[in-house]
Structure formats: C-alpha cells, structure tokens
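Listed below, chain by chain, are the residues.
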Amino acid sequence: SSTSRDGSRWKSPLFMGKKKKPSMAERRKRRSRRTPSIKVERPSVLAELPPVDAWEKPAPTEVKPSDPIPAEIDNDSVVDGEADETVAKASSLVESQRKSVDCLTFVRKRVEEYFPI
C-alpha cells in the first residue's frame, strides 16, 4: 500500500473512485449509440393498407332511424305499478348512497381532526 509522508493514501491512476450509476436517460442514449436502428421493410401484402402511424378519420356511417315499435299494452295499471316500483327502488338507492356519502364524510373529518396536515 502506498502512502505519502503525512499518512494520506495516494490515488493511483488505475482506481480513481467508484463510478456513479448512470441515469435511465444516459443508459438509453448509450444503448442507442451502441446498436444501430433496424430498418424494417413493409411486406407487399400490406401495400394497400395505410401505415400504422398515419391515422385517417373514417367517413361517418349513415344510420337510418328505424320505425318505432308500437307498444302494445292493454292495461295501464300494470305500467303504473311498474313505474311506482321503479321509482321506489330508485329512491331507496339514492337514499342509501346519501347515507354512504355522509358516513364517509364523517370518517374523513374525524381523520383530518386527529391527523392534521
């Protein structure tokens, strides 16, 4: 081991210190310099198709509205009963969602009180 007179170690030219780890951008740059980019030729089968990177907006498709189907309902009371049932289900769903939101809001406020930011 080589030391100077004052006891400090000399730095040999072979070992100047540990190299720093290259960043991902530096690695990509080095890799691109090392390997040349590969040129790929399109097969003749794909000649009539547009290239992948060129996007062309397709023509809009025409949709003709069909004739409305007549609703054949003999009894209006059945429709009213189903409508009432649907409204009841919807209102109970909305009410349960409101309760859930209230519960989550309560929990969030408690957490904010105990753990202020």
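Conventions adopted
Residues numbered from 1 in each chain as written. Predicted model: local features only at pLDDT ≥ 70, side-chain atom pairs only at ≥ 80, totals over all residues. Heavy atoms only, no water. Helix = DSSP H or I, 4+ residues; strand = E, 2+ residues; numbered from the N terminus. Buried < 20%, exposed > 50% of the residue type's maximum accessible area, 1.4 Å probe, protein only. Salt bridge = Lys/Arg side-chain N within 4 Å of Asp/Glu carboxyl O. Patch = residues over 30% accessible without salt bridge, like charges linked within 9 Å, V, L, I, M, F, W, Y side chains within 5 Å. Areas by Shrake-Rupley, 256 points an atom, 1.4 Å probe, with all protein chains shown as cover.

Engineer: Go over the overall build of the protein chain with me, naming the residues and quoting the values.
Structural biologist: A tally of helices and strands in the protein chain yields two helices and zero strands. Looking at the protein chain as a whole, 1% of its 117 residues qualify as buried.

Engineer: Lay out the pattern of salt bridges in plain terms, naming residues and giving numbers.
Structural biologist: Should their charged atoms come close, side chains of opposite charge can pair. Going through the model one piece at a time under the given rule, you end up with two salt bridges. One salt bridge connects glutamate 85 with lysine 89, and the closest N-O pair in it is separated by 3.6 Å. On the criterion of helical spacing, the pair formed by glutamate 85 and lysine 89 is a turn pair, its members being four residues apart in helix α2 (residues 76-114). A salt bridge links glutamate 112 to arginine 108, with the nearest nitrogen and oxygen atoms 3.1 Å apart. Of this pair, glutamate 112 and arginine 108 both sit in helix α2, four residues apart, roughly one helical turn.

Engineer: Outline a nonpolar patch on the surface, listing residues and values.
Structural biologist: On the surface, Phe106, Val107, Val111, Tyr114 and Phe115 cluster together into a nonpolar patch covering about 570 Å² of accessible area. Its place among the elements puts phenylalanine 106 in helix α2. Here phenylalanine 106 falls in the partly exposed class, since its relative accessible area comes to 47%.

Remember that the coordinates give geometry; whether it matters functionally is a separate question.
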